[in-house]
Amino acid sequence: MTETTLNDAPWRDTATAPEERVEALIGAMTLREKVSQLVGVWVGANTEGGEVAPHQHEMNEAVDLDELLPHGLGQLTRPFGTAPVEPGLGALSLQRTQERIAAANRFGIPALVHEECLAGFAAWKATAYPVPLAWGATFNPDLVRTMSTAIGSDLRSVGVHQGLAPVLDVVRDARWGRVEETIGEDPYLIGTIATAYVQGLELAGIVATLKHFVGYSASKAGRNLAPVSIGERERADVLLPPFEMAVRESGVRSVMHAYTDIDGVPTAADASLLTSLLRDTWGFDGTVVADYFGIAFLKELHRVAATLGEAAAAALTAGVDVELPTVHTFGEHLIAEIDGGRLDEGLIDRALRRVLRQKLDLGLLDPDWSPVPSALHGSGAGVPSIDLDPPGNRAIASELAEQSIVLVSNNGILPLPEAPRIALIGPNADTHRAFLGCYSFPAHVGEQHPDVAMGLTIPTVADALQRELSESDITIAAGCTVDGTATTGFDEALAVAGGSDVVVAVLGDRAGLFGRGTSGEGCDAESLALPGVQQQLLDALIATGKPVVVVLLTGRPYALGSAATGAAAIVQGFFPGEEGAAAVAGVLSGRTNPSGRLPVSIPGTPGAQPSTYLAAPLAQSSGVSNIDPTAAFAFGHGISYTRFTWHDAGSTADTAATDGEVTVTMTVTNEGERDGVEVVQLYLHDPVASVVRPVQRLIGYARVELAAGASARVAFTVPADVTSFTGRDGARVVEPGALELRLGASSSDIRAALPLDLTGTVRTVDHTRRLHCDVRVSAV
């Protein structure tokens with residue numbers, strides 16, 4: 001088409017209803033042009049270095065762009081996140097690529113561009129924010145929304161349209177390597193934090209992507225990409241609620257299927273999930289995209305398809321709309337299924353309708369669409385300079401890092417006294433990588449390019465502590481590596497400790513991919529003992545008799561052996577990002593009053609897995625098993641440098657109908673001498689139900705900021721809907737009977753238990769039920 005006839009085309013007319021524009025375009029397309037809109041291309045991937053996606057080297061076949069582009073292209077995969085590229089050069093290159101794509105096809109349609117953004121825009125020199133597990137530790141959805149808006153703005157400014165985040169998987173076994181990518185072990189906390197993250201991305205104009213739908217985190221033995229054998233009730237009541245909340249409340253426009261199979265049915269080919277539940281019941285109308293190579297895995301790994309064509313047909317039929325990261329099954333194999341009469345072309349049109357509507361909503365079908373992203377406006381000739389780590393981003397990263405640090409225990413040694421002699425010991429004491437998760441660019445891609453600078457200024461704990469405590473005498477000794485077996489550094493570390501007033505032991509993980517780290521995708525753990533010989537080092541330091549402050553920089557919780565009770569203090573950070581060192585140092589010095597809470601339990605022993613706080617009575621400690629799964633520090637736990645008292649708990653009624661509500665209240669007072677934050681948590685205990693229930697589960701929370709001496713009244717209005725669960729017949733029900741509403745500082749620190757008797761008949765509820773307690777915090 002000429003430019004004139006193209007602009008006269010009905011799909012270009014912005015005054016026409018979007019549905020009519022999409023249908024007009026579909027009607028003008030050939031089968032090959034339709035299918036081309038359902039695939040991505042990963043032109044930046046190659047076989048040099050390690051993999052950044054499962055089986056990447058086996059699956060990533062070369063693509064002939066000259067052959068492909070005249071038919072169009074659905075998506076471009078990670079033009080910034082595949083190799084280090086200057087942001088300005090990357091934006092300019094993407095602009096030229098989009099010009100080429102649009103010029104090559106007769107409809108002038110550009111590609112939708114996606115990137116990873118799990119801990120910030122995964123691009124060279126872009127801000128490395130704390131990982132999602134740290135978001136969960138903040139119990140602060142508003143701050144997470146602020147962060148994701150900034151991430152989305154950076155993505156959009158350089159021409160990216162879709163972000164592959166957030167992860168809504170619920171931790172079921174902390175040995176799983178991708179725990180760092182999750183928000184925690186509680187569905188309600190995950191749902192609220194993830195929904196806020198999605199809202200921020202979407203506010204910035206980025207298509208957010210919920211992943212991994214569903215069950216990925218429940219794999220056997222915590223192994224990545226392993227079978228899942230959960231019941232319908234666990235799936236409905238534990239794994240699905242975060243996704244349901246996000247679909248209902250966030251405006252999310254994309255969902256990614258999980259790699260796993262559940263009880264023998266791969267999610268990529270499960271129409272009951274991807275169509276019946278997601279679309280027909282919940283009303284989701286966006287796109288379902290494949291996890292990388294996930295459609296081909298139906299043949300290669302799950303073996304429910306004999307050919308790639310069968311795999312493509314199964315995924316498309318189930319409800320997958322777009323194959324990522326590149327053309328593998330949805331190209332010629334899918335066309336052959338149509339040509340052979342084995343697949344209805346109407347299914348192509350169904351997926352295409354969703355894809356084109358999304359492109360239309362992004363402005364990619366409009367006559368005034370421009371390939372020039374906003375960051376290049378007015379840049380003139382040459383390669384512009386684009387700052388993806390500006391001061392505003394770093395300020396957000398700093399605040400999030402500070403709020404995510406959890407003070408787990410403290411015998412009074414913290415804050416550190418003036419000018420102590422500090423022995424700074426441990427493999428994470430003086431390394432920049434200690435703060436970064438596996439989906440940060442330096443860990444995910446940068447390590448494949450050792451000759452390229454990291455592109456960010458990331459202080460170490462040693463750097464930050466020397467600045468924070470400039471009068472202190474700080475001596476550094478690694479003692480060991482993160483995961484090595486050598487103990488030859490112990491002598492030096494113990495000698496340094498012997499000459500100190502206090503030992504700060506900085507231990508934990510090194511993020512990586514597929515065994516290249518101790519945490520991250522494909523870096524699963526056999527047990528929850530600290531990696532390598534770190535526990536031996538820690539035990540030896542405690543045995544010196546010196547006070548030991550343990551600082552953990554990890555992607556999962558670890559059992560701490562003697563340190564759980566023998567350490568003078570324990571500070572937990574979950575890969576807190578580029579500003580993490582200052583956040584840790586601020587807690588140690590007392591500049592920051594810690595306010596983080598554990599989004600995952602810290603285990604008492606390294607082998608009692610899988611175990612989470614969402615445990616039924618039979619999963620508790622008992623006299624008929626020698627394995628005690630009791631956590632050393634429970635979900636929701638965290639302390640500060642001030643003292644909070646809770647008093648005057650009450651409720652508006654001790655009975656309510658199964659379609660009613662009740663309000664519970666509690667006054668919290670800061671009796672200390674400095675300002676602080678208390679996180680008031682509301683748990684539901686259902687002592688007798690028609691099916692086995694967890695002993696308690698979180699149904700609400702409030703982050704309460706209190707000046708020294710101030711008080712606040714916290715009120716939760718609890719609808720009966722939030723007590724619902726999946727009954728014996730598979731329907732979600734609210735049952736009459738006795739309940740307890742528990743107000744606590746953690747799941748193991750309940751300050752008040754208020755009885756509630758639900759009256760009336762069993763009530764069936766659905767996806768329109770109320771998901772939240774209304775929360776009000778008012779000064780007293």
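Scroll up to find the structure.
This report concerns the structure included in the present document. (Residues numbered from 1 in each chain as written. Predicted model: local features only at pLDDT ≥ 70, side-chain atom pairs only at ≥ 80, totals over all residues. Heavy atoms only, no water.)

**Notes on the pattern of salt bridges**
Thought 1: Scanning the model with the defined rule gives 40 salt bridges in all.
Thought 2: Its salt-bridge partner being D142, residue R145 comes within 2.8 Å of it at the nearest N-O pair. In this pair, R145 and D142 both sit in helix α8 (residues 141–157), three residues apart, roughly one turn of the helix.
Thought 3: Two residues, R394 and D389, come together in a salt bridge whose shortest N-O distance is 2.7 Å. Side by side, R394 and D389 carry an identical accessibility label, which is buried.
Thought 4: Several salt bridges converge on common partners, so that one network encompasses D389, R394, E578 and E579. (Salt bridge = Lys/Arg side-chain N within 4 Å of Asp/Glu carboxyl O. Helix = DSSP H or I, 4+ residues; strand = E, 2+ residues; numbered from the N terminus. Buried < 20%, exposed > 50% of the residue type's maximum accessible area, 1.4 Å probe, protein only.)

**Re the side chain of T326**
Thought 1: Tracing the chain through its elements places T326 in the loop between α14 (308–318) and α15 (332–339).
Thought 2: With relative accessibility at 2%, the residue T326 sits in the buried group.
Thought 3: At 3.3 Å, the side chain of T326 forms a polar contact with the backbone nitrogen of W42. (Polar contact = N/O pair within 3.5 Å; in protein donor to acceptor, adjacent residues only side chain to side chain.)

**What to know about the sheet that holds strand β28 (residues 763–765)**
Backbone-to-backbone hydrogen bonds join strands into a sheet, with any given pair of strands oriented parallel or antiparallel.
Thought 1: Strands sit in the order β24-β25-β28 across an open sheet of three strands; the sheet is antiparallel. The strands lining the two open edges of the sheet, one partner per strand, are β24 (725–726) and β28.
Thought 2: Pairing between strand β25 (residues 732–734) and β28: three bridges, direction antiparallel. The residue bridging V734 from the neighbouring strand is R763, located in β28. (Pairing = 2+ DSSP bridges.)

**Let's talk about unusual backbone geometry**
Thought 1: Backbone torsion omega between F213 and V214 reads -5°, so that peptide bond is classified as cis.
Thought 2: With respect to the helices and strands, V214 occurs in the loop between β5 (207–213) and α10 (232–239).
Thought 3: Note that the residue after L414, namely P415, is joined by a cis bond; omega there is -5°.
Thought 4: Among the structural elements, P415 can be located in the loop between β10 (406–410) and β11 (421–425).

**Let's talk about the packing of helix α19 (residues 461–468) against helix α23 (residues 580–589)**
For any two helices packed against each other, the geometry comes down to the angle between their axes and how far apart the axes lie.
Thought 1: For the pair α19 and α23, the least separation of the axes is 8 Å and the interaxial angle reads 45°. On the basis of the axis angle, α19 is oblique to α23. Two packed elements cross with a definite hand, and for α19 against α23 that hand is right-handed. From α19, V461, A464, L465 and E468 reach across to α23, where they touch A581, A582, A585, G586, L588 and S589.
Thought 2: The residue makeup of the contact of α19 with α23, split by class, is seven nonpolar, two polar and one charged. (Axes fitted to C-alpha atoms, helices over the stretch in contact; angles between N-to-C directions. Parallel < 35°, antiparallel > 145°, perpendicular 65-115°, else oblique. Left-handed = near helix turned anticlockwise from the far one by under 90°. Contact = heavy atoms within 4.5 Å. Nonpolar A, V, L, I, M, F, W, Y, C, P; charged D, E, K, R; others polar.)

**Notes on the pairing of β11**
Thought 1: Across the five residues of β11, four count as buried, placing the element largely inside the fold.
Thought 2: One ladder, built from five bridges, connects β11 with strand β12 (residues 473–477); its direction is parallel. Its bridge partner lying in β12, I422 is registered against I474.
Thought 3: Across four bridges, the pairing between β11 and strand β13 (residues 502–508) is parallel. Among the inter-strand pairings, I425 is bridged to a residue of β13, identified as A505.

**Notes on α19**
Thought 1: Three or more residues of α19 are buried, namely V461, A462, A464 and L465. One side of α19 holds all its buried residues, which, seen down the axis, span an arc of 165°.
Thought 2: Looking at the buried side of α19, the elements it contacts are β11, β12, β13, β14 (548–554) and α23.
Thought 3: Two to three positions downstream of the cap, the backbone nitrogen of A462 sits 3.3 Å from a side-chain oxygen, assigning the N-cap of α19 to T460. (Arc of directions from axis to C-beta.)

**Re the layout of surface pockets**
Thought 1: Approximately 610 Å³ is the volume found for the largest pocket.
Thought 2: What lines the largest pocket is a set of 27 residues, and nearest its centre among them are P187, D237, V238, R693 and R697.
Thought 3: Counting residues per element, the lining of the largest pocket draws most heavily on α10, at four residues.
Thought 4: Looking at the lining of the largest pocket residue by residue, the class counts come to 14 nonpolar, one polar and twelve charged. (1 Å grid on protein atoms, 1.4 Å probe; cavity = no way out; pocket = protein on both sides within 12 Å on 5 of 7 lines; lining within 4 Å. Points joined across faces, edges and corners; volume = space filled by probe spheres on them.)

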